[in-house]
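# Observations on the model geometry
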Amino acid sequence: MSIRDRSVAPTTPILEEDAAMWTAKIRKSLVSTLPPERLIPDRQPSYLSSWIYMFGALTLAALSIIVVTGVLLSLEGPTWWHLSSVGLFVNSLHLWSVELFFFFMVVHLWGKFFMAAWRGNRALTWMTGVITLLASVGAALTGYVSQTNFDSQWIATQAKDGLNSVGVGAFFNVLNFGQMLMWHIILLPLAVIAITVLHVLLVRKHGIVPPIELTEANQGGEA
Amino acid sequence: MTAIVTVLLGSLIDMSKPGHYIHWGFLQISLSNLIVVCLMVVTFVAAIAIPYKRKARNRS
Amino acid sequence: MSKQRNYNPDRDVSPWRGSYRPYDIAKELTVCFVVVAVLTIGLAITFGSPDDKAITIKQWSSADQVDFATTAISELDGTSGTATYGAPYNHVDGAGQKIGPIALQQWVGVHHPVNPARDFVLGPLSTTPQSPALDSALTRFQGASPSDQAAWEAAYEKAIPHAKVINGKLIVPPGPYGPVQVLMAHLTAMATTGALDTSIVQGSGFYGTDYTKSLLFIGDSGYLANQGADHHLSGDQWGMMNDTGSYPGQPWLWLYTLWYQVPPFTTSWGDNADAIVWALMMLLTLGLLLIPFIPGLRSIPRWTRVYRLIWRDHYRS
């Protein structure tokens, strides 16, 4: 045994008498649902043969750039970008990564719709995708009202009416910059990321949906 | 060098001028938004139409 | 029950038993990241991002004194948009939108109390360094009967459309305004120096991060509405989808704003349009969310046959 081996904790054997432990149960459930080969696969079904399949990954890439640029903006505070040309550039990166995020996400949605990607117990995958879209729209709104410029004044004074009309505005006050900024940089990013992770794990668990089967009914002219 | 950096940090195209808007009946959309939506449709069609060739397959 | 009888091609699919090929997920994600990063940087360099400066009460009152005075008197006499809004800002009988009998706005109640007369006019005036004229006007106004106050306010409100700005001063035709004209003149002076911006945001504190009151006050003005229309951001201009300048905005809000352009949302449902549109959008969103369970809707992919193009390589093999 070399000296290097001692830096890694030994794997403990799984004993039958420990099977009732919460830890053992959780581990067993996780490992059986998402074994390493399913979690990080190196194989894909041969029917994955279209550029449309890239759009989920492109959406994730855009989301990661949104987060990175958001972190950079946070370093210097919410009014930095009005005063600094570097800040303005980082703000531009943040804005365009958001535009690309929605662009790729909607193309991804169209693709998944036309593939009927909810088939085969994948309804929750579809639903988490839609919820991510909704949370993202919320995150975008809170971002827009946190700009501390004319656009944020306008959007806040207009959006308040829709929210107030159904009682939401009493709790989610778009005119309260402090509240909106915190929703934008903490609460909604956590929600978007958490639901996205769940969405991706569901895709890994169930696999990419197989093609719609060609039958006599849908092969010819009639559906 | 400073001039190049300043230009890059600003924008090459001045987008602060008022936009153009397209009216069609009761519909109204800005030219920029229309371009974005058209690009999305073109991208979607291209993504499913353009052939996707991969390397040699393993049959399992 | 056999699997064949229960099988629904819009809901079910047989597990894949076919072939697999090598796939480098880490490489794909990395390539996607680089591509999107390059696109983002390219777009940022080419187009930048918009940054129109925020409107201040100082700017508004200096640019349009008549509009400022018009708004200020409506705040004092309780006829402004904010004063008549209802929940969550104040109690106003009958105010608030409904969907049929469901009056969520009212039921939720007042959570961000705003008293426009006190918060936008009398309160800030009482914090400003007192001149004898202002001191006496405030005392006289606050000691007067409600009917006297209403009479002075009504007279001033009627005269304001005929006011003129001469040499930078607002000149209102003479009339029975009582102390109201002095109050308005001092409020305008406070506004044009910037003191009113600070006073409304800070209230009695030091730090201010809640701009509810300032935004409601500016929101009542014709000035903000005109600025919005100039930037093509008004509701009837499909403004919800737009950004300032020529920037693309939020095209994904197209369906939300579409309803505001058509009857009956623009006509008989106008008073409750916001609430009804919200309810409608919640319903449609629920529909989007539950597509996997909705017969007919979930059959559209099969009927439209776009999948034949997506999976053409698979079908050929």
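Let us look at the structure shown here.

Cut-offs applied
- Residue indices follow the written sequence of each chain, beginning from 1 at its first position.
- Here the convention is simple: chains get letters from A, ligands get numbers from 1, in the order in which they are written.
- Two thresholds apply to this predicted model, a pLDDT of at least 70 for residue-level local features and 80 or more for giving and counting side-chain atom pairs, whereas whole-chain, interface and lining totals are computed over all residues.
- Each helix is a run of H or I in the DSSP string that is no shorter than four residues. Each strand is a run of E no shorter than two, and both are numbered from the N terminus.
- In this description the radius of gyration comes from C-alpha coordinates, and the expected globular size is given by 2.2 Å times residues to the power 0.38.
- Exposure classes come from backbone-placed C-beta atoms, where a residue is buried if 20 or more other C-beta atoms lie within 10 Å of its own, exposed if 12 or fewer do, and partly exposed in between.
- What counts as a contact here is a pair of residues whose C-beta atoms, placed from the backbone, lie within 7 Å.
- Each nonpolar core reported here comprises buried Ala, Val, Leu, Ile, Met, Phe, Trp, Tyr and Cys residues connected via C-beta atoms within 7 Å.

When helices and strands are tallied, chain C shows 17 helices and 3 strands. Relative to the compact-globule value of 20 Å for 317 residues, chain C shows a C-alpha radius of gyration of 29 Å, a clear excess of over 25%. Projecting the C-alpha coordinates of chain C onto the three principal axes gives extents of approximately 95 × 50 × 35 Å. The buried share of chain C, taken over its 317 residues, is 35%. Counting only contacts in chain C whose residues sit at least 6 apart along the sequence, the fraction spanning at least 24 positions is 60%.

Moving on: the environment of A44 of chain C. Structurally, A44 of chain C can be placed in helix α2 (residues 25-47). Residues contacting A44 of chain C, with those up to four places away along its chain left out, are F89, S92, L93 and W96 of chain A.

Peptide bonds are mostly trans, and most non-glycine residues show a negative phi. Residue and element names in this part refer to chain C. Residues A87 and P88 are joined by a peptide bond in cis, for which omega reads 5 degrees. Within the secondary structure layout, P88 lies in the loop between α4 (65-76) and α5 (104-108). For the bond running from P263 to P264, omega is -5 degrees, close enough to zero to count as cis. Structurally, P264 is set in the loop between α13 (254-258) and α14 (273-289). Its identity as a non-glycine residue notwithstanding, N167 has a phi of 50 degrees, on the positive side. Relative to the helices and strands, N167 resides in the loop between β2 (164-166) and β3 (169-171). On the basis of neighbour count, N167 is assigned to the exposed category, with 5 C-beta atoms found within 10 Å.

Here we take up the nonpolar core. Among the nonpolar cores identified, the biggest contains 106 residues, and L58, A62, F101 and F104 of chain A are the most heavily contacted of them. Here this core gets 17 residues from one element, more than from any other, and that element is helix α5 (residues 85-114) of chain A. Formed by 8 residues, the second largest nonpolar core is a distinct cluster that contains V166 of chain A together with I276, V277 and W278 of chain C.

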